[in-house]
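Here are the chains, one letter per residue:
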Amino acid sequence: MSAILTRTALLRSTDHDAIKQFVLALPAVDQVGAEGRAAMLATRSIKTSSKVYAIDKAISMIDLTTLEGADTQGKVRALCAKAVRPDPTDSTAPSVAAVCVYNDLVGIAREHLDSIGGQNVAVAAVTTAFPSGRASMAVKLQDTRDAISAGASEIDMVIDRGAFLSGNYGKVFDEISAIKEVCGDGEKRAHLKVILETGELVTYDNVRRASWLAMLAGADFIKTSTGKISPAATPPVVLVMLESVRDFYAKTGTRVGVKAAGGIRTAKDAIKQLVLVNETTGSDWLDPTLFRIGASALLNDLLLQRQKLSTGHYSGPNYVTLD
Amino acid sequence: MSPFEYAPAPESRAIVDIASSYGLFINGEFINGAGTAYKTINPATEEVLSEIAEGSSADIDLAVKAARRAYAKVWSKMPAAERGKYLYRIARIMQERAREFAVLETLNNGKPIRESRDIDVPLAAAHFFYHAGWADKLEHAGLGSAPKPHGVVGQIIPWNFPLLMLSWKVAPALATGNTVVLKPAETTPLTALLFADVCRQAGLPPGVVNIVTGAGATGAALVSHPDVNKIAFTGSTKVGKAIAREIVGTKKSVTLELGGKGANIVFDDAPMDETIEGIVNGIFFNQGHVCCAGSRLLIQENVHEEVLERLRHRMSQLRVGDPMDKNTDVGAINSAAQLGRITELATAGDNEGAQRWSTPCDLPTKGFWYAPTIFTGVTQAHRIAREEIFGPVLSVLTFRTPAEAIEKANNTPYGLSAGVWTDKGSRLLWTAARLRAGVVWGNTFNRFDPTSPFGGYKESGWGREGGRHGLAAYLKQGEQA
């Protein structure tokens, strides 16, 4: 393939026309083919030692999430405790990657995690007028600054789907770039996850275009969904996003992560996601720095399966903790 | 090595009960044939699975007589709706015993269990369901007001899809009121013999379906038997031509489904990721043992490097090995003879100057194996661009304009299948209309459905199977009737 280019060199200019031209020239996605490939990979049979590996890997990739109007400090503390030690009866169960909360609860989450030995668990904040993204740019920027100053090391922003669907790709690009600037640069930057809300973009062509827009504008991760819209992280959507990050890496040498969020509730679903990663981008992406699963109920099913593998029998819902 | 190596996930073979030897299924019973027995093996391990009777010409005569008797006394007199009920019953039993069929097919053929489980067996049952519905509606098929069956049909099927080809043959024959003498392929008789058990389980009247195992001589005896009204054959063009010569001057009807050298045409605007999947599916599905395989890849020259790079990357992920493992993508070659044929043609590719690249993989030491392979730098003059390899070997050519793609695609004695990959609907239709092939797939490959007619142009065969067109092959029309 062509020589490695920097992220910015791929786009000759950040002029809106140039951005639109680039996005519209991306190769098409055939819906039937993409869904067929995802369905075939769903038949992979993951057993014994590979299942043990996959379950612990999936736990370590979870962004344990609560995004409700009814969230309280108490609820967030409970979530943090579970994030650090998912299975109170088994200390070998890994911690999750992050807790994901609304902006105003970032401070309490960070504080509580630090106080219980969860320094390695990140706090992710949803910003930019999540979930709809319908606010002025000034508000979106301030939303993001607030989250970072409260201790969020990961920012989950939403794109302006209205702008995207009306063809104003330049506006989407500019917004992501502006938020990226707020997130900073270098090792200490806040990691930027860009939520595409694929359930509102609808077509796989749009998913690919939005993926590239986000990567070109500086996303560290591209994320499927807010969790507020269905369908969310369906296997073909995740497949198309993984193909996009694979191709982006081939062109730029930069690895962008993927976060599948919404609708992944069972260990089986999570393992199917890991198979998609393994056979699309390859195993380099089988790491919490490059693949995440945004979920809440999923963790308990993974723990039940984990207990089953170690004890040989299933327990029940009273043997895993409420979130 | 990936940290996420899939642990072995073998399908259990406990569900199948393979007898140490099998006789011939004639007139509803298994009988000892007059011929000698031969061994049938698992091509992935060379393990002997069972001993199979080699049908003699006396056995064929017995089977044809049973079929004639069943036709005259039972099957032709039965109300059509009753015939349909038997087909429905067979279809349901095939679904109920699907795992048994899938495991047996994989053991005897070498194809991955994922394919026999998800494709071969469900499609085979679907053919019976589809044709069951036709049984009492034949006068509405557009083939005349009272189309009549031929009588006794002799059917000879290949080893690449043993059960599926059986159902493509037996289901329409029974639905249209014919009775059957079927000869399965020499190397893959076991699912046909299990199907004989299904016929008994369904209470099918004796003699309606007869199964005579054996090799070429058994098939030849069936073709030349004077009381067979129609021959349906799927297999090589060489044997197809011999059958055509044999029946010249007789009143026998014939349908032939023969070889192919399918062109898979990739235009520069193709949906790239799905195209790569389609190329892989086109040639490595069933180890390339597919008459309609997309064995000639024609890539538009301006994207051919990118396509090949992506293809090699994808091929390096193919999981080659134990066909019984649920995660295997490419299984074993069906026989030593076929492996020899593939090796010979691939060597010819090397000698003629094409460049070979294969999936890096460890092949098992026992059994018959060939790594998925592509040849680049192939021209129309190379043997590997002209002759059917019938294995996991893809010949890659390029073209510059749509017209050149059509010319190259059609420049073959065969005409069974073709594929077109483009995001542009108008180009897809323009191309499909000019391809001289019985099946043209648009942005997909190797898709089958009982409602869709399948068959070839030129040396790829006569007649169609499946759909309304397929019914015509089993009914006498016009002056015939």
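Residues numbered from 1 in each chain as written. Chains lettered and ligands numbered in written order. Predicted model: local features only at pLDDT ≥ 70, side-chain atom pairs only at ≥ 80, totals over all residues. Heavy atoms only, no water.

K.L.:
Would you mind going over the overall build of chain A with me for this structure?
P.N.:
Within chain A, the secondary structure is distributed over 14 helices and 8 strands. Over its C-alpha trace chain A gives a radius of gyration of 19 Å, about what one expects of a compact globule, namely 20 Å for 323 residues. By its C-alpha atoms, chain A is 60 × 45 × 35 Å across when sized along the principal axes. Going through the 323 residues of chain A one by one, you find that 56% of them count as buried. (Helix = DSSP H or I, 4+ residues; strand = E, 2+ residues; numbered from the N terminus. Rg over C-alpha atoms; globule rule 2.2 N^0.38 Å. Buried < 20%, exposed > 50% of the residue type's maximum accessible area, 1.4 Å probe, protein only.)

K.L.:
What should I look at first to understand the overall build of chain B in this one?
P.N.:
Regarding its fold elements, chain B presents 15 helices and 20 strands. Taking 2.2 N^0.38 as the reference for a compact globule, 481 residues should give roughly 23 Å; the C-alpha atoms of chain B span a radius of gyration of 22 Å, in line with that estimate. By its C-alpha atoms, chain B is 65 × 50 × 35 Å across when sized along the principal axes. When each of the 481 residues of chain B is scored for burial, the buried share is 62%. Expressed as a percentage of contacts within chain B between residues at least 6 apart in sequence, the contacts between residues at least 24 apart total 76%. Considering chain B, the positive charge centre built from 50 side chains and the negative charge centre built from 49 side chains are found 7 Å apart. (Contact = heavy atoms within 4.5 Å. Lys, Arg positive; Asp, Glu negative; His and termini not counted. Charge placed at Lys NZ, Arg CZ, Asp CG, Glu CD.)

K.L.:
What should I look at first to understand the pattern of salt bridges in this one?
P.N.:
When their charged atoms lie close together, side chains carrying opposite charge are able to pair. Enumeration over the complete set of coordinates arrives at 52 salt bridges over all chains. Overlapping salt bridges, with partners in common, bring together A:Asp63, A:Glu154, A:Asp156, A:Lys193, A:Lys223, A:Lys259 and A:Arg292 in one network. (Salt bridge = Lys/Arg side-chain N within 4 Å of Asp/Glu carboxyl O.)

K.L.:
Is there a simple way to explain the side chain of B:His225 in this structure?
P.N.:
Topologically, B:His225 is positioned in the loop between α7 (216-224) and β10 (230-234). Those residues within four positions of B:His225 in sequence are excluded, and the remaining contacts are B:Ile60, B:Asp61, B:Val64 and B:Lys252.

K.L.:
Please explain the sheet that holds strand β14 (residues 355-358) of chain B as it appears in this structure.
P.N.:
In sheet architecture, strand pairing relies on hydrogen bonds along the backbone and comes in two forms, parallel and antiparallel. Residues and elements named next belong to chain B. As summarised here, the arrangement of the 7 strands in space is β14-β15-β16-β13-β12-β17-β18, forming an open sheet in which the pairing is mixed. Two strands close off the open sheet at either side, each with one partner strand: β14 and β18 (439-442). Pairs of neighbouring strands in the sheet enclose a mean axial angle of 20°, with direction left out of account. Relative to strand β17 (residues 417-421), strand β12 (residues 263-266) runs parallel, the two being bridged by 4 bridges. Across the sheet, residue Val-266 finds its bridge partner in β17, namely Trp-421. Each of β12, β13 (296-300) and β16 (393-399) touches helix α13 (residues 402-410); the most contacted strand, β13, lies at about 170° to it. (Pairing = 2+ DSSP bridges. Axes fitted to C-alpha atoms, helices over the stretch in contact; angles between N-to-C directions.)

K.L.:
Looking at this structure, I do not really get helix α14 (residues 297-311) of chain A. What am I missing?
P.N.:
Residues three or four positions apart in an α-helix share a direction because the helix packs 3.6 residues into each turn. Residues and elements named next belong to chain A. Its 15 residues place the ends of α14 22 Å apart at the C-alpha level, agreeing with the 21 Å of an ideal helix rising 1.5 Å per residue. Those residues of α14 that fall on the buried side of the exposure criterion are Leu-298, Leu-299, Asn-300, Leu-302, Leu-303, Leu-304, Gln-305, Arg-306 and Gln-307. Gly-312 lies just past α14 and shows a positive phi near 90°. (Expected span 1.5 Å × (residues − 1).)

K.L.:
When you look at the interface of chain A and chain B in this model, what are you seeing that I'm missing?
P.N.:
Interface size, as often reported, equals the accessible area lost upon joining of the parts. Counting residues at the interface gives 31 residues for chain A, matched by 28 residues for chain B. Summing both partners gives a buried area of about 2,500 Å² for chain A against chain B, and 49% of it is carried by carbon and sulfur. There are 5 salt bridges connecting chain A and chain B. A salt bridge links A:Arg37 to B:Glu277, with the nearest nitrogen and oxygen atoms 3.3 Å apart. At the surface where chain A touches chain B, the tally comes to 13 residue pairs in polar contact (both at pLDDT 80 or more). Every element with two or more residues in the side of chain A that touches chain B is listed here: α3 (31-41), α4 (48-60), α12 (235-252) and α13 (267-280) of chain A. For the side of chain A that touches chain B, the class distribution of residues is 13 nonpolar, 9 polar and 9 charged. (Buried area = accessible area lost by both parts, 1.4 Å probe. Polar contact = N/O pair within 3.5 Å; in protein donor to acceptor, adjacent residues only side chain to side chain. Nonpolar A, V, L, I, M, F, W, Y, C, P; charged D, E, K, R; others polar.)

K.L.:
Looking at this model, I keep getting lost on the domain arrangement of chain B. Mind explaining?
P.N.:
Residue and element names in this part refer to chain B. Taken domain by domain, chain B consists of domain 1 (21-258 + 458-480) and domain 2 (263-442). The C-alpha centroid of domain 2 is placed 30 Å from the C-alpha centroid of domain 1. The interface is formed by 30 residues belonging to domain 1 together with 32 residues belonging to domain 2. When the buried surface of domain 1 facing domain 2 is broken down by residue, Trp-159, Lys-458 and Ser-460 rank first, second and third, together holding 22% of it. Viewed at the interface, domain 2 and domain 1 are joined by 1 salt bridge. At the junction of domain 1 and domain 2, the tally comes to 17 residue pairs in polar contact (both at pLDDT 80 or more). Looking at the side of domain 1 that touches domain 2, its residues break down into 11 nonpolar, 10 polar and 9 charged. (Domains from an automatic or database assignment.)

K.L.:
Looking at this model, I keep getting lost on the nonpolar core. Mind explaining?
P.N.:
In a soluble, globular protein the nonpolar side chains are often hidden away together inside. If you look at the biggest cluster of nonpolar residues, it comprises 100 residues, and the most contacted ones within it are A:Val99, A:Ile176, A:Val194, A:Phe291 and A:Leu302. Formed by 99 residues, the second largest nonpolar core is a distinct cluster that contains B:Val153, B:Ala202, B:Val280 and B:Ala332. (Core = buried A, V, L, I, M, F, W, Y, C linked by side-chain atoms within 4.5 Å.)

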